[in-house]
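What follows is each chain in one-letter form.
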Amino acid sequence: MAGDSGWYYAQDGKSVGPMSLDELVRKLPTVGGAETLVYSPSTTGWLEASHIPAIVDALCGAGAPPAPPVHRRSDEIDYEIFGQEMQYVEVTLDPGETVIAEPGAMMYMTAGIQMETLFGDPSNQGGFWSKVVTAGKRALTGESLFITTFSNGASQREHVAFAAPYPGKILPLHLDQLGGELICQKESFICAARGVQINIAFQKRFGVGLFGGEGFIMQRLLGDGIAMVHAGGTLMRRTLGAGEQLRVDTGCLVALAPSVDYDIQFIGGVKNTLFGGEGLFFVTLTGPGDIWLQSLPFSRLAGRILAAAPERGGGRDEGSVLGGLGRMLDGDNR
């Protein structure tokens, strides 16, 4: 592996590389040490250097004492996802464990679960004004000012389940395997283990915020626990190589690693602009890093439903030859 020249490290939101493993190990102490995010084609994505045994061994040196165990800040919850198009996730909590969730997402819970509604981010241990700031950040991402916690107050394992808000897939994100950070679309968060922080990510470019489909602000998930987000339709995960670019519809982006560069591009062409049906812009994603896409953005689903509403000219007889006349004849003229 030492001769592999496909290694990168992340610095200030950009990837640096490629380089060999030996070069990477020599560079790490000057750019953040074992907590630096690194990537190569042999890894499953961007990971902290401390999670890659070959790097840990090289940093410690031969004969050095083993590194101390990593202390997890988040609860280690178990989960199982049920269903195909309309999914729900059942979370199993050991005694004392807690899961945080969006208000209204709960489907059912067993008798030993204790529910509590809190203002702001439960992981914030600051005072009142600190909680006001975290609540305000949540409001900016389209979420409620409040968040609900579900804790196991019993002496045995208990269960709580959360349902998807519309057809699609529930995506479990193991943040400890994704470098401890992920950026996702607004209003996609369902639940997470206690210890995961839900923050905001501002888009630095004005054009991205104005035309990128997700606005200036997206959600930033931080921590080493498991978080559940929801995507519409069918989900696609793809790992972009260094410099690899993918152009995406503005509403289909679900989540991306912080190392992926996110920009917009004008579609161009009069016919494309007026009759293409894809809007004026699409998103350009440039690797390296992981991205997740959805086939059915909620805005697209809602638009089709509104277009089919009777007051908008749609209706149950829109495929009929008689159309509106047929509805008047059978008394259904809503």
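Further up the page is the structure itself.
Engineer: Help me out: how do you make sense of the environment of Thr-92 in this one?
Structural biologist: With respect to the secondary-structure elements, Thr-92 resides in strand β6 (residues 88-93). It is 6.3 Å that separates the C-alpha atoms of Thr-92 and Ile-77, two residues lying 15 residues apart in sequence. For Thr-92, the contacting residues outside a window of four places in its chain are Ile-77, Asp-78, Glu-97, Arg-157, Glu-158 and His-159. Looking at Thr-92, its side chain comes within polar contact range of the side chain of His-159, at 3.0 Å.

Engineer: Sorry if this is basic, but what is going on with helix α1 (residues 21-31) here?
Structural biologist: Owing to its 3.6 residues per turn, the α-helix brings residues three or four apart onto one side. Those residues of α1 lying buried are Leu-21, Leu-24, Val-25, Leu-28 and Val-31. Down the axis of α1, the buried set is contained in an arc of 135 degrees. They therefore lie on one face. Exposed residues on α1 whose side chains face more than 90 degrees from its buried face are Arg-26, Pro-29 and Thr-30. The secondary structure elements touched by the buried residues of α1 are β1 (7-11), β2 (14-19), β3 (37-39) and α2 (53-60). Phi for Gly-32, located one or two positions after α1, is positive at around 140 degrees.

Engineer: So what exactly am I meant to see when it comes to the sheet that holds β1 here?
Structural biologist: Strand pairing in a sheet takes place through backbone hydrogen bonds and is either antiparallel or parallel in direction. Across the sheet, which stays open at both edges, the four strands sit in the order β2-β1-β3-β4 with antiparallel pairing between neighbours. The strands lining the two open edges of the sheet, one partner per strand, are β2 and β4 (47-48). Where β1 meets β2, four bridges bridge the pair, whose relative direction is antiparallel. Following the sheet pairing, Trp-7 is matched in β2 by Met-19. In the packing of α1 onto the sheet, the strands contacted are β1, β2 and β3, and the crossing angle to β1 comes to about 15 degrees.

Engineer: It is not clear to me how the environment of Arg-300 should be interpreted in this structure. Could you clarify?
Structural biologist: Mapped onto the secondary structure, Arg-300 falls in helix α6 (residues 298-308). Look at Arg-300 and you get partly exposed, because its relative accessible area is 34%. The spacing of Arg-300 and Cys-252 is 48 residues in sequence and 9.7 Å in space, taken between C-alpha atoms. For Arg-300, the contacting residues outside a window of four places in its chain are Asp-249, Cys-252 and Ser-295.

Engineer: Explain the sheet that holds strand β11 (residues 158-163) to me, please; I cannot follow it from the model alone.
Structural biologist: The strand order across the open sheet formed by four strands is β5-β6-β11-β8, and the pairing between neighbours is antiparallel. Each end of this open sheet is capped by a strand with a single partner; those strands are β5 (78-82) and β8 (106-109). Each strand of the sheet is rotated relative to its neighbour by a mean of 20 degrees, with strand direction disregarded.

Engineer: Would you mind showing me how to read the packing of aromatic side chains here?
Structural biologist: The geometry of an aromatic ring pair is captured by two quantities: the separation of the ring centres and the angle between the planes. Here the structure, examined in full by the defined rule, presents four aromatic pairs. One aromatic cluster is present, built from ring pairs that chain together Phe-82, Tyr-88 and Tyr-108.

Criteria and thresholds
Numbering of residues starts from 1 in each chain and follows the order in which that chain's sequence is written. The predicted nature of this model means local features are confined to residues of pLDDT at least 70 and side-chain atom pairs, given and counted, to a pLDDT of 80 or more, with totals for whole chains, interfaces and linings taken over all residues. Just so you know, side-chain values use all the structure's heavy atoms and leave hydrogens and water out. Strands here are runs of E lasting at least two residues and helices are runs of H or I lasting at least four, both read from the DSSP assignment and numbered beginning at the N terminus. When checking whether two residues touch, look at their non-hydrogen atoms; a contact exists if any pair is within 4.5 Å. N or O atoms closer than or at 3.5 Å make up a polar contact, with two conditions inside protein: a donor-capable atom paired with an acceptor-capable one, and, for residues adjacent in sequence, both atoms drawn from side chains. Buried means the residue's accessible area, taken with a 1.4 Å probe over protein chains only, is under 20% of the maximum for its type, while exposed means over 50%, and partly exposed covers the values in between. The directions from the helix axis to the C-beta atoms form the arc being described. Between any two strands, pairing holds if DSSP finds at least two bridges. Each axis is a line fitted through C-alpha atoms, and for a helix only the stretch in contact is used; angles between axes span 0 to 180 degrees, taken between their N-to-C directions. Classification of ring pairs uses Phe, Tyr and Trp, with its six-membered ring standing for Trp, and accepts pairs whose centres are within 6.5 Å; under 30 degrees between planes counts as stacked, over 60 as edge-to-face, and the remaining range as tilted.

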